Each structure stands twice: as C-alpha cells, then as structure tokens.
Amino acid sequence: MKARIIKIVSKEYTLLDEDMNKYDAILMGKIRLQIVPSAGDFVEFEEIDGRYVIQKILPRSNKLIRPSVANVDQAIIVMSTKDPDFSINLVDRLVMLIMHENIKPVLCVTKCDLDYSDEIEEMIQEYERGNIQVIRTAKTSLDPSLAEILSNRVSVLTGQSGVGKSTLLNKLNPEFHLATQKTSKALGRGKHTTRHNELFIVGSGLVADTPGFSSLDFSHIEKDELAHTIPDFIPYLTGCRFNDCIHENEPGCKIKEAMEKGLIPVNRYNNYIEVLRVIKNRREKY
Ligand SMILES: Nc1nc2c(ncn2[C@@H]2O[C@H](COP(=O)(O)OP(=O)(O)O)[C@@H](O)[C@H]2O)c(=O)[nH]1
Ligand SMILES: [Mg+2]
Ligand SMILES: [Zn+2]
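Residues numbered from 1 in each chain as written. Chains lettered and ligands numbered in written order. Predicted model: local features only at pLDDT ≥ 70, side-chain atom pairs only at ≥ 80, totals over all residues. Heavy atoms only, no water.

**A closer look at unusual backbone geometry**
Formally: Under the DSSP-based scheme used, a helix requires at least four consecutive residues in state H or I and a strand at least two consecutive residues in state E, with every element numbered from the N terminus.
With an omega of 0 degrees, the peptide bond running from R66 to P67 counts as cis. Turning to its location among the elements, P67 is positioned in the loop between β6 (63–64) and β7 (69–70). With an omega dihedral of -5 degrees, the bond running from D83 to P84 counts as a cis peptide bond. Inspection of the secondary structure assignment puts P84 in the loop between β8 (74–80) and α2 (88–100). Located in the positive-phi region is K111, a residue other than glycine, with phi close to 60 degrees.

Here it is, written out as structure tokens:
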C-alpha cells in the first residue's frame, strides 16, 4: 500500500492515502538507518500482525529543513498590502530561495480591503504581469482561488508575522487554529514531543504546520544558479553572448536587454544584482 506521512510524533506515524484514509503506522527497524522520515514522505506500508508497518520511504522531489517537510509542491508567499508594508525585496528574495528548492512560488496578497498607496498597487500589478501566480485576498472575502491552489498539493506558507497567514488558514478550515494551538501547548509543557512534524488537511490539500523560509540565507546558492531561480528571467536565459554570463556587466546579455526593453521589471533586476553581490562577496572571502 502507498500513502504519505502527514504526522510524526515520536515513533508514531500518521499516514494518509489517496482516498484520504488515515493509518497509524510504525517504522520497520532497518529503514531508520537509511533515511530520517519526514512529514510529506511517500511510503510503502503493509499490515503485519495487525499493525501497519512502513517498509520503504520513496524518493523525494525536495526536502525542507524548517519546517521538516518532503515533497513540497508550492510555497505561498503571504504579503500584505500594508501593516506590514508590501515589500518587493522580501518577495523577490523568497521567490529565489523557493525556486532553488525546486518548489513553485505563489504570491498571496492579503489585506486588499485596506487603503494602500498607488505605488504598492503598481508593485502588485507588476507581479501579476509576470511569471508567478498571484492571488489577492481581503478581510471579508475569501478568494476561492486560494482554496483551489491548495487543493491536492502540499504547501508551506511563508511571510512575515502579521501578514495574515493564520487568518487565511482559519478561513479555509476553522479546525486548523485549534490544531496549531494544541501543538504549541504540548510543546510548551515540554512533553516527550522530541519531533513533531505535521501536515494539516486544509480543504483537499495539505499545509505545513509552521511557516517555511524564515531566514533569508543564500549561503547554499551559487552565483551561476541564481538567475535560474527568477521566474521573470527564465524566458530570456538562453542567448546571452557568454555561456557563463551572470547578467551583471557582460556585453551581449539578454537579461539586461530584456530589462532595458521593459520586459523584465527594473526592480526585479536590481534585487537580483543585490543578492548576486551577497553571493559573490561570500565567495571572495573564503
Ligand atoms: N484588514 C484586514 N486585516 C487582516 C486581513 N488578514 C489578516 N488581517 C489582520 O492582520 C492581523 C494579523 O493576522 P494573522 O493572521 O495573525 O497574521 P500571521 O502572523 O501572518 O499569522 C490580525 O489582526 C488580522 O485580523 C485582511 O485581509 N484584511
Ligand atoms: Mg500566525
Ligand atoms: Zn546575461
């Protein structure tokens, strides 16, 4: 039988199969040595003497460390129009980190009911014209596209505190809130919750119990990989005069050309250059 791990508490694993049936399972001893199982892992399991036993962890498409989740399909970047202010620096950096993990970024703009500036509206529209999916939400309405985007996928939410992540999830599934509170209380009491990873069922999708990508750390990304993590760059990545063009000052650069023609937003390009310099400085130091 095949299923996905949705929860790990100590040595107990909760599995969810395609038909949304849950199973309590244990791990066959020898697997433990090969790979540390994580929420999100697909497994093969069998019923042995009345217990479900995980036999095999199937290969992963990716693996996040914080939260510890495997096979993540998408990361929802939650960003409010204001309170806290919309930040393209943050969106662009998160997109790079998410793309580098082979995960699809989606931008969710919250608090669209607030009275925010035209400048911010233009920034949002710039993303809407670009190559990542953008959805907008407001206090009273719930854009049905959010439920749609989460369905049949594993998602992590990311974004500063106060942008409305909990609010979004509570609107989709009121039980989510209760569940997360229970978790933190249990952890606070310092019970034997050595490892607690969980994916919550939200609508017909799965969402990680903690936000991902909280630190903006680029130390694992090489300078020649960076441009490939920017969806708005991708259509122009072939064709630079030099194979090893990093789109900084090289002649015959298609990325710079696209930016000069207005096909790539100047802001997007400038954020790329800023992160590129961070990566280059690190290289020079070691
Ligand atoms: N006006 C407005 N306020 C919102 C919206 N979404 C969330 N908030 C408020 O923003 C604050 C922070 O929301 P919360 O969900 O706790 O943010 P989190 O820290 O990202 O989980 C709360 O006071 C919410 O009521 C929205 O769409 N419109
Ligand atoms: Mg919250
Ligand atoms: Zn180039």
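**Structural notes on the site of ligand 1**
Basically, it comes down to this: We call a residue near a molecule or strand whenever a single non-hydrogen atom of that residue lies within 4 Å of it. Two N or O atoms form a polar contact when they lie within 3.5 Å of each other; inside protein one atom must be a possible hydrogen donor and the other a possible acceptor, and for residues adjacent in sequence the pair counts only when both atoms belong to side chains. Each accessible area value is a Shrake-Rupley result obtained with a 1.4 Å probe; residue values ignore everything except the protein chains displayed when judging cover. Each residue gets one label: Ala, Val, Leu, Ile, Met, Phe, Trp, Tyr, Cys and Pro are nonpolar, Asp, Glu, Lys and Arg are charged, and the others, such as Gly, are polar.
Around ligand 1, the surrounding shell holds 13 residues, and the nearest of these are D113, G162, K165, S166 and T167. Take G162: an N or O atom from its main chain is 2.7 Å from an oxygen atom of ligand 1. Take G164: an N or O atom from its main chain is 3.0 Å from an oxygen atom of ligand 1. Protein chains bury 71% of the 580 Å² of accessible surface belonging to ligand 1 in isolation. Here the residues of the shell around ligand 1 are counted per class, giving 3 nonpolar, 6 polar and 4 charged.

**A short note on the coordination of the zinc ion (ligand 3)**
The following threshold applies: In this listing, donors mean N, O and S atoms no farther than 2.8 Å from the metal, or 3.2 Å for Na, K and Ca; water is missing from the atoms, so a site can look incomplete. The buried label applies to any residue whose accessible area, calculated with a 1.4 Å probe on protein chains only, is under 20% of its type's maximum; exposed applies above 50%, and partly exposed to all values in between.
The protein atoms that coordinate the zinc ion (ligand 3) are C240 (SG), C245 (SG), H247 (ND1) and C253 (SG), at distances of 2.1 to 2.4 Å. Motif for the zinc ion (ligand 3), donor spacing along one chain: C-x4-C-x1-H-x5-C. Accessibility assignment for this pair places H247 and C253 in one class, buried.

**Thoughts on the packing of aromatic side chains**
The line we're drawing: Ring pairs shown here join Phe, Tyr and Trp side chains whose ring centres sit within 6.5 Å, with only the six-membered ring taken for Trp; geometry is labelled stacked below 30 degrees between planes, edge-to-face above 60, and tilted in between. Whether a charge lies above a ring is judged from NZ of Lys or CZ of Arg, which has to be within 6 Å of the ring centre and within 35 degrees of the ring normal.
Evaluated as defined, the whole model comprises 7 aromatic pairs. Here F45 and Y52 contribute two aromatic rings whose centre-to-centre distance is 5.8 Å and whose plane-to-plane angle is 70 degrees, an arrangement assigned as edge-to-face. Owing to a relative accessible area of 2%, F45 belongs among the buried residues under this scheme. Among the residues examined, Y52 registers a relative accessible area of 25% and is labelled partly exposed. Here the aromatic cluster, defined as three or more aromatic residues joined through ring pairs, consists of Y23, F45 and Y52. Across the ring face of F42, the terminal group of K2 is positioned such that the distance to the ring centre comes to 5.1 Å.

**With respect to α2**
Just so we agree on the cut-off: One fewer than the residue count of a helix, multiplied by 1.5 Å, yields its expected span.
Here α2 spans 18 Å end to end across 13 residues, near enough to the 18 Å set by a 1.5 Å rise per residue. Summarising burial for α2: 10 of the 13 residues are buried, a large majority.

**Here's the deal with the pattern of salt bridges**
Proximity of charged atoms lets side chains of opposite charge pair with each other. For clarity, the cut-off: A pair is scored as a salt bridge if a Lys or Arg side-chain nitrogen falls within 4 Å of a carboxyl oxygen belonging to Asp or Glu.
In the structure shown here, the tally under the stated rule is 12 salt bridges. Among the salt bridges present, the one from E128 reaches R136, with a minimum N-O distance of 2.8 Å. E248 is the partner of K280 in a salt bridge, and the nearest nitrogen-oxygen pair spans 2.7 Å. In this pair, K280 sits in helix α9 (residues 266–285) while E248 sits in the loop between α7 (223–226) and α8 (254–260), placing the two residues 32 residues apart along the sequence.

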